[in-house]
Amino acid sequence: MRHYETVFILDSKLDENSVEKEITKVKELVQFQKGEVVKIDKWGRKRLAYEIKDRQEGYYVVINFTSSPERLNELERNFKLNDLVLKHIIVKGK
């Protein structure tokens, strides 16, 4: 298992409850794929550097987790299919 970090930006129009649901979905997907969530860091609403999907703000979330490299494709696919995720990135962690 390797360490990874994902940063994703959720639509700023979501309420706090919906944001928690989206974070839980990502957490459950990592755990379903035999990974482990190490840390969840919610940065909150921030102004975007440039407009994305007609939004000027987004809700930033950082999740540190462990997973096997083969399982990252499913996480990536789910980010792309979710209309509430404005941007995302997954990088290898420490």
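Attention here is on the structure that accompanies the text. In this text the structure is predicted, and so the values were computed from the model without any measurement. (Residues numbered from 1 in each chain as written. Predicted model: local features only at pLDDT ≥ 70, side-chain atom pairs only at ≥ 80, totals over all residues. Heavy atoms only, no water.)

## Overview of the overall build of the protein
Counting its secondary structure elements, the protein contains two helices and four strands. Along the protein, from the amino end to the carboxyl end, the secondary structure elements read β-α-β-β-α-β. The C-alpha atoms of the protein give 13 Å as radius of gyration, which agrees with the globular expectation for 94 residues (12 Å, within 12%). For the protein, the spread of C-alpha atoms along the principal axes amounts to about 35 × 25 × 25 Å. Scored against the burial criterion, the 94 residues of the protein give a buried share of 39%. Roughly 6100 Å² of accessible area belongs to the protein as shown, and the carbon and sulfur atoms make up 47% of that amount. The distance from the centre of the 19 positive side-chain charges to the centre of the 16 negative ones in the protein is 3 Å. (Helix = DSSP H or I, 4+ residues; strand = E, 2+ residues; numbered from the N terminus. Rg over C-alpha atoms; globule rule 2.2 N^0.38 Å. Buried < 20%, exposed > 50% of the residue type's maximum accessible area, 1.4 Å probe, protein only. Areas by Shrake-Rupley, 256 points an atom, 1.4 Å probe, with all protein chains shown as cover. Lys, Arg positive; Asp, Glu negative; His and termini not counted. Charge placed at Lys NZ, Arg CZ, Asp CG, Glu CD.)

## Topic: the nonpolar core
Judged by nonpolar contacts, the single largest core of 19 residues is most densely connected at F8, L10, F65 and L75. Those elements giving two or more residues to this core turn out to be β1 (2–11), α1 (16–32), β3 (55–67), α2 (72–81) and β4 (85–92). Counting residues per element, this core draws most heavily on α1, at five residues. Setting aside chain neighbours within four positions, we find L10 in contact with V19, E22, G58, Y59, V61, L84, V85 and L86. Counting residues in each nonpolar core, the second largest holds five residues, with I9, L48, Y60 and L86 among its members. (Core = buried A, V, L, I, M, F, W, Y, C linked by side-chain atoms within 4.5 Å. Contact = heavy atoms within 4.5 Å.)

## Considering α1
Given a rise of 1.5 Å per residue, 17 residues ought to cover 24 Å, and the 24 Å separating the end C-alpha atoms of α1 matches this to within 8%. Along α1, the residues that are buried comprise V19, E22, I23, V26, L29 and V30. Each buried residue of α1 lies within a common arc of 120° when the element is viewed along its axis, so the set occupies one face. Counted as exposed and oriented over 90 degrees from the buried face of α1: N17, K21 and F32. Packed against the buried residues of α1 are β1, β2 (36–52), β3 and α2. Looking one or two places after α1, you find K34, whose phi comes out positive at around 65°. (Expected span 1.5 Å × (residues − 1). Arc of directions from axis to C-beta.)

## Quick look at the packing of α1 against α2
Look at α1 against α2: their axes get within 10 Å of each other, and the N-to-C directions meet at 160°. Relative to α2, the element α1 is oriented roughly antiparallel. As for the relative orientation of α1 and α2, their crossing is right-handed in sense. For the pair α1 and α2, contact is made by V26, L29 and V30 and by E74, L75, N78 and F79, respectively. (Axes fitted to C-alpha atoms, helices over the stretch in contact; angles between N-to-C directions. Parallel < 35°, antiparallel > 145°, perpendicular 65-115°, else oblique. Left-handed = near helix turned anticlockwise from the far one by under 90°.)

## A look at the packing of aromatic side chains
Under the criterion given, the structure shown has three aromatic pairs. Aromatic side chains F8 and F79 sit 5.2 Å apart centroid to centroid with 40° between the ring planes, which places their arrangement in the tilted category. Here F79 lies in helix α2 and F8 lies in strand β1, a separation of 71 residues in the sequence. The two residues F8 and F79 agree in class, both being buried. (Phe/Tyr/Trp six-rings, centres within 6.5 Å; stacked < 30°, edge-to-face > 60°.)

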